[in-house]
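What the coordinates show
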Amino acid sequence: MTAEFMDKTSRRFQIAEAVLSQLDEIEDIEKLCFAVPWSYTNLEAQATGKNKLFLCASDDSCVLGYVGLTMVLDEGYIANVAVAPRARRRGIADALLFELERRTKKQLAFLTLEVRASNAPAIKLYEKHGFAVVGRRKNYYTQPQEDALLMTFFFKKDENPC
């Protein structure tokens, strides 16, 4: 299923499950965004693995960003959220999180992730989506060494489903 979006500059883009033909571009973005990027093999496992959801934002010409999720029972663990530097500040990550939440809200109790304690723009984005800091992982990141904030979003379940 593909969802259509418009970015802050009125350009259209789509979000759909990542396909193998997009992995080279996703790997390039991964290398631009993270000090310790995932390998092609790890990205392929995220795209094809059981209990995984790997969403990709793209326009007619290229991959703009992606988000990966691993599901364990009713728990959702966000692995990576990344947007190509050339596509930032256009609402791509916001749309990826919105679509991830939309696709998982009926089956999951929560979504959780780690974020560098110094990554103020990402923390602000996650807070906008209802994530709250629930813990800290000391020296979680390397290159440079830094704490991670553990942030979690709890889905509100309908108390009366009738």
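In this text the structure is predicted, and so the values were computed from the model without any measurement. (Residues numbered from 1 in each chain as written. Predicted model: local features only at pLDDT ≥ 70, side-chain atom pairs only at ≥ 80, totals over all residues. Heavy atoms only, no water.)

**Topic: unusual backbone geometry**
Cis geometry is found at the peptide bond from Gln-143 to Pro-144, where omega equals 0°. With respect to the element layout, Pro-144 can be found in the loop between strand E7 (132–141) and strand E8 (146–154). Although it is not a glycine, Asn-51 adopts a positive phi angle of roughly 60°. In this structure, Asn-51 sits in the loop between helix H2 (40–48) and strand E3 (52–58). Phi at Gln-143 is positive, roughly 55°, even though this residue is not glycine. By secondary structure assignment, the location of Gln-143 is in the loop between E7 and E8. (Helix = DSSP H or I, 4+ residues; strand = E, 2+ residues; numbered from the N terminus.)

**Some details on the layout of surface pockets**
Taken as a whole, the largest pocket holds about 1400 Å³ of empty space. Considering the residues around the largest pocket, the lining is formed by 42 residues, among which Val-81, Val-115, Asn-119, Ala-122 and Tyr-126 are closest to the centre. Of all elements in the fold, only helix H1 (23–33), strand E5 (75–83), helix H3 (92–104), strand E6 (110–116), helix H4 (120–128) and E7 reach the threshold of two or more residues within the lining of the largest pocket. Looking at the lining of the largest pocket, its residues break down into 24 nonpolar, 7 polar and 11 charged. (1 Å grid on protein atoms, 1.4 Å probe; cavity = no way out; pocket = protein on both sides within 12 Å on 5 of 7 lines; lining within 4 Å. Points joined across faces, edges and corners; volume = space filled by probe spheres on them. Nonpolar A, V, L, I, M, F, W, Y, C, P; charged D, E, K, R; others polar.)

**Notes on the pairing of E6**
Most of E6 is tucked away: 6 of the 7 residues are buried. Pairing of E5 with E6, which is carried by 3 bridges, proceeds in the parallel orientation. Across the sheet, Gly-76 pairs through a bridge with Leu-111, a residue of E6. With H3 bridging E5 and its parallel neighbour E6, the resulting β-α-β unit is right-handed. The sheet contact formed by E6 and E8 spans 7 bridges and is antiparallel. Bridging across to E8, Leu-113 finds its partner in Met-151. (Buried < 20%, exposed > 50% of the residue type's maximum accessible area, 1.4 Å probe, protein only. Pairing = 2+ DSSP bridges. Right-handed = clockwise from strand over helix to strand, strands pointing away.)

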